[in-house]
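Here are the chains, one letter per residue:
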Amino acid sequence: MTGTVLRAGAWPAVAGISGAAVVVGGFGAAFPAAATMLLPVCFTLLAAAAAFTLDEPASLVVDVTPTGPVRRTQIRAVALLAPLAAGALVLLATAARGLALPWGATGLALAGNVLLGFTAACVARTRTGEPGATTGTAVVLVLVTPGLVPHVARWVRTFPAPGAGGPSSDTVWWTVLAVCAVAIAVSLGGRNLPPWMSTVPISRRRRSYPTVQPP
Amino acid sequence: MTATLAFGPPATSPGRATFTALAIRETRRLVLNPVFLFAVAFITFALWAGPDAGQTEIDTANPYPAIFLGGFGMMATYWLTRSMRASEPVVGVTPITLPARTAALCAVAIVPFGYGCLALIAFLHFHSASDPAYGAFSPSARIAVVAGQIVVPALGGPLLGVALGRWVRFPGAALVLFLVLWSWVSLVTVVAGSHPDSAPVAVLRLFAGFTFFALHSDAGGVTAWRGSPWFFIGWQLALCAIAVLVALLRGAEGRVRTRIIRALGIAGVAALILLVLAAAGGFTHPVTA
């Protein structure tokens, strides 16, 4: 069961985006002056990779099997090891180059980014079988906003750059982790999502299909 | 009794009318795309808010149109192009060829391009060409710098999105490319800042759809970097042409395909020449003013 569920995962997407993140992060490690710009982009890519872990092209079939969403999500969560390992590799390379980053806060930012992407996928998975592209884009837009909009950057920091002013990124990521834990629990618990969310047909809550009786 | 029928050219050819109708339809889809709407809303807000007080260089504000109209525009047109994949079995049997539909998709880039032109006018309203924040460039070169940073990326990004959508099936390709391009521009800008005299680094800096031409100097003033802004615009436009041709190549057959491939070769050579000219022209050394 575990092997089958894992084999059906969107591995090319997860591995491909994680690979791109390693390349970007690797350049950050190679050029320390650019590290504080490239590492946040690397983490954002890892968040996007995590958003693809729950993609299920055959969701119309899979969602009516006896294996529940909790079990399936638990198994698919194993795929998060790919972006987490890629992030750890980048951080190791950065440390080996002698960069002085607050490693605890940086690790927390990495975990927060990956969990944010996964949570967005969990929530969207209750509505669509392949949430990766949409949620990945949404998560990327959210994560790049502090880097783009100075008004937001004054209040929210997503990467613990040394010497930067403003509030600590730890506050942001602990809050994100707490919210993500609740959101995952709610989405897996089968509670209805707010009605404003888009309603792409999904059959997780549909236990049986109408049948056509022969005349 | 005899009747004479005179055949004259129709007022509008059916192909052109179909293309216009398709282009209008695709344009309507683009302007309703949430990502594009977000981009336009942010640009409008940024231009309405005006520059921050005490801004000493133009580079603080001029990447926004490139990021939002170009980068987000690329994501929007990528989705626009990909959204037709599901209906391909139906659309594919209509008498309109795939290159014609691609050309209609490319035509939607006029909208972000128009917004880019408006953003340039607003930018010049806040930072006139005589502003010392531009550095040591001549007045015409200053216009070229901001046109290459604001207007042309707004055209090229959406065209790149169409080409990507026609050739790449992976649904997250646009967002990955957006972040990779952003990383590349950040990296070469940092490297150019530490090696301002290096010619290879100047080539690397210009090897992108967007680049910075000046940076605030720690010693005071603004340092203008190597490179010709006018030739850089030529390089950017050559990239736009390549994006259109690559998009049109998908589904092209027979003589059209041969022509597109030949045009691609010419555009590729032109792009290479313009990149070399952009790197060799302008200031040969960084100048601080």
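Criteria and cut-off values
Throughout, a residue's number is its position along its own chain's written sequence, starting from 1. Chain A is the first chain written and ligand 1 is the first ligand written, with later ones labelled in order. Whole-chain, interface and lining totals are the exception, using all residues; otherwise, since this is a predicted model, local features are given only for residues with pLDDT of at least 70 and side-chain atom pairs are given and counted only at 80 or more. Runs of E in the DSSP output that reach at least two residues are strands. Runs of H or I that reach at least four are helices, and both are numbered from the N terminus. Burial is judged by counting other C-beta atoms within 10 Å of a residue's own C-beta: 20 or more means buried, 12 or fewer means exposed, and anything between counts as partly exposed, with every C-beta placed from the backbone. Here contacts are defined at the residue level, using C-beta atoms placed from the backbone and a cut-off of 7 Å between them. Scored from 0 to 100, pLDDT reflects the predictor's confidence in each residue. At least two DSSP bridges between two strands are required for those strands to pair. One less than the number of residues in a helix, times 1.5 Å, gives the span that helix is expected to have. Each direction from the helix axis to a C-beta atom contributes to the arc, which is the arc of those directions. Three residue categories are used. Nonpolar comprises Ala, Val, Leu, Ile, Met, Phe, Trp, Tyr, Cys and Pro, charged comprises Asp, Glu, Lys and Arg, and polar comprises the others, including Gly. Axis definition: a line fit to C-alpha positions, over the contact stretch in the case of helices; interaxial angles, taken between N-to-C directions, run 0 to 180 degrees. Orientation labels follow simple angle bins: below 35 degrees gives roughly parallel, above 145 gives roughly antiparallel, 65 to 115 gives roughly perpendicular, and whatever is left gives oblique. Note on convention: near helix rotated counterclockwise from far helix by under a right angle means a left-handed crossing. Clockwise means right-handed.

Here's the deal with the overall build of chain B
Now for step 1: Looking only at helices and strands, one finds 11 helices and 3 strands in chain B.
Now for step 2: Going from the N terminus to the C terminus, chain B shows its helices and strands as α-α-α-α-α-α-α-α-α-β-β-α-α-β.
Now for step 3: If you line up chain B on its principal axes, its C-alpha atoms span 90 × 45 × 40 Å.
Now for step 4: Across the 289 residues that make up chain B, the buried fraction comes to 46%.
Now for step 5: When contacts within chain B are restricted to residue pairs at least 6 apart in sequence, those whose partners lie at least 24 apart make up 83%.

Details of the overall build of chain A
Now for step 1: If you tally the helices and strands in chain A, you get 10 helices and 0 strands.
Now for step 2: Going residue by residue from the N terminus, the α and β elements of chain A occur as α-α-α-α-α-α-α-α-α-α.
Now for step 3: When the 215 residues of chain A are sorted by exposure, 41% land in the buried category.
Now for step 4: Sequence-distant contacts, at least 24 apart, represent 75% of the contacts inside chain A between residues at least 6 apart.

What to know about the confidence of the model for chain A
Residues and elements named next belong to chain A.
Now for step 1: Confidence in the prediction of chain A, expressed as mean pLDDT, is 82, and 85% of residues score 70 or more.
Now for step 2: No element of chain A has a lower mean pLDDT than helix 1 (residues 2-7), at 72, and none a higher one than helix 6 (residues 81-96), at 94.
Now for step 3: Note that residues 198-213 has pLDDT below 50 and, in this model, 17 contacts with residues that lie over four places away or in other chains.

Description of the sheet that holds strand 2 (residues 222-224) of chain B
Residues and elements named next belong to chain B.
Now for step 1: As summarised here, the arrangement of the 3 strands in space is 1-2-3, forming an open sheet in which the pairing is antiparallel. Both edges of this open sheet fall to strand 1 (214-216) and strand 3 (287-288), since each of them pairs with a single strand only.
Now for step 2: For strand 1 and strand 2, the ladder comprises 3 bridges, and the chain directions are antiparallel. Within the sheet, the bridge partner assigned to Ala214 lies in strand 2 and is Ala224.

Comments concerning the environment of B:Ile24
Now for step 1: Tracing the sequence through the fold places B:Ile24 in helix 1 (residues 14-31).
Now for step 2: Spatially, the C-alpha atom of B:Ile24 lies 11 Å from that of B:Ile110, the residues being 86 residues apart in sequence.

A look at helix 2 (residues 34-49) of chain B
All names here are of chain B.
Now for step 1: Across its 16 residues, helix 2 extends 22 Å between first and last C-alpha, which sits within 8% of the 22 Å expected from 1.5 Å per residue.
Now for step 2: Taken as a whole, helix 2 has its buried residues at Val35, Phe36, Ala39, Val40, Ile43 and Ala46. Taken around the axis of helix 2, the buried residues stretch over an arc of 135°, which confines them to a single face. Of the residues in helix 2, the exposed ones pointing more than 90 degrees away from the buried face are Pro34, Ala41, Phe45, Trp48 and Ala49.

Points about the interface of chain A and chain B
Reports of interface size often rely on the accessible area that becomes lost once the parts have come together.
Now for step 1: Every contact between the two is made by 21 residues of chain A and, on the other side, 16 residues of chain B.
Now for step 2: Those elements giving two or more residues to the side of chain A that touches chain B turn out to be helix 2 (11-30), helix 3 (35-51) and helix 8 (132-148) of chain A.
Now for step 3: Of the residues in the side of chain A that touches chain B, the class split is 17 nonpolar, 4 polar and no charged.

Topic: the packing of helix 6 of chain A against helix 7 (residues 103-125) of chain A
Residue and element names in this part refer to chain A.
Now for step 1: Running from amino to carboxyl end, helix 6 crosses helix 7 at an angle of 155°, the nearest separation of the two axes being 10 Å. Classed by the angle they form, the pair helix 6 and helix 7 counts as roughly antiparallel. Crossing handedness for the pair helix 6 and helix 7: right-handed. For the pair helix 6 and helix 7, contact is made by Pro83, Leu84, Gly87 and Leu91 and by Thr106, Gly107, Leu110 and Val114, respectively.
Now for step 2: Residue classes in the contact of helix 6 with helix 7 are distributed as 5 nonpolar, 3 polar and no charged.

What to know about helix 3 of chain A
Now for step 1: For helix 3 of chain A, with 17 residues, the first-to-last C-alpha span of 24 Å sits near the 24 Å given by 1.5 Å per residue.
Now for step 2: With 16 of 17 residues buried, helix 3 of chain A is to be regarded as a mostly interior element.

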